[in-house]
Amino acid sequence: MASIFTKIIQQEIPCEKIYETESEIAFLDISPWSYGHTLVVPKHEVAKLEELSVEEATALMTSLQTVARAISNAYDGADYKVLLNNGENAGQEVPHVHFHVIPCPKGFFFNSRNRYNYAEGEMAQTGEKIRSFLK
Ligand code: AMP
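Residues numbered from 1 in each chain as written. Predicted model: local features only at pLDDT ≥ 70, side-chain atom pairs only at ≥ 80, totals over all residues. Heavy atoms only, no water.

Enquirer: Describe the site of the ligand, with residues and values.
Expert: Taken together, 17 residues surround the ligand, and among them D29, N85, E93, V94 and H100 come closest. One of the side-chain N or O atoms of H98 is found 2.9 Å from an oxygen atom in the ligand. Notes on the ligand: free accessible area 510 Å², of which the protein chains cover 89%. Examining the composition of the shell around the ligand, we find that three residues originate from one element, helix α1 (residues 4-9), more than from any other. (Near = heavy atom within 4 Å. Polar contact = N/O pair within 3.5 Å; in protein donor to acceptor, adjacent residues only side chain to side chain. Areas by Shrake-Rupley, 256 points an atom, 1.4 Å probe, with all protein chains shown as cover. Helix = DSSP H or I, 4+ residues; strand = E, 2+ residues; numbered from the N terminus.)

Enquirer: Mind laying out the pairing of strand β2 (residues 24-28), listing which residues take part and the relevant values?
Expert: Within β2, five of the five residues are buried, which leaves it mostly tucked inside the rest of the structure. Burial along β2 is two-sided: E24, A26 and L28 and I25 and F27, pointing in opposite directions, are all buried. Across three bridges, the pairing between strand β1 (residues 17-20) and β2 is antiparallel. In the strand pairing of β2, K17 is matched with F27. The hairpin turn running from β1 into β2, its antiparallel successor, is three residues long. Summarising the sheet, β2 and strand β3 (residues 38-42) pair through five bridges and their orientation is antiparallel. For E24, the partnering residue across the bridge sits in β3 and is P42. (Buried < 20%, exposed > 50% of the residue type's maximum accessible area, 1.4 Å probe, protein only. Pairing = 2+ DSSP bridges.)

Enquirer: Give a detailed account of the sheet that holds strand β4 (residues 79-83), specifying residues and quantitative values.
Expert: Across the sheet, five strands lie side by side as β1-β2-β3-β5-β4; this open sheet has antiparallel pairing. Sheet topology places β1 and β4 at the edges, where each strand pairs with a single neighbour. Taking the axes of each pair of neighbouring strands and ignoring which way they run, one obtains an average angle of 20 degrees across the sheet. Across the face of the sheet, helix α2 (residues 54-74) comes into contact with β1, β2, β3, β4 and β5 (99-104) while running at roughly 160 degrees to β3. (Axes fitted to C-alpha atoms, helices over the stretch in contact; angles between N-to-C directions. Contact = heavy atoms within 4.5 Å.)

Structure representation (structure tokens):
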């Protein structure tokens, strides 16, 4: 069965898209650890990083860098975490490889139990803000 991320890629499920190439998509995490938390996902559905070809992994890293830079700039040059849960025992819930990019503005304290909720319209505003730094 297709992963939830493949369903997003195939536009069966909506997302707040940040960036897309032929081989990757990036969209806001629906249950973020901080505002702007974004997932960078290869379109080839595999569970683990090592299952991607070298070319796919290289393209994924390039998109990750592009998206991470835009996120940092959108949050005044904020630091950020890049996280990959590679497999179930590492905490992976969606078995489709993806990098989390989690903005860490000054004073932010990361706690994996603290998930935020976007208010009505806030996800779209956040997406627009980050996308404006890709241009
Ligand atoms: P992981 O535990 O590394 O597999 O992370 C999966 C992430 O996917 C979690 O942070 C979820 O909040 C996020 N997620 C699950 N469903 C969606 C969705 N429909 N749109 C955006 N993010 C999602």
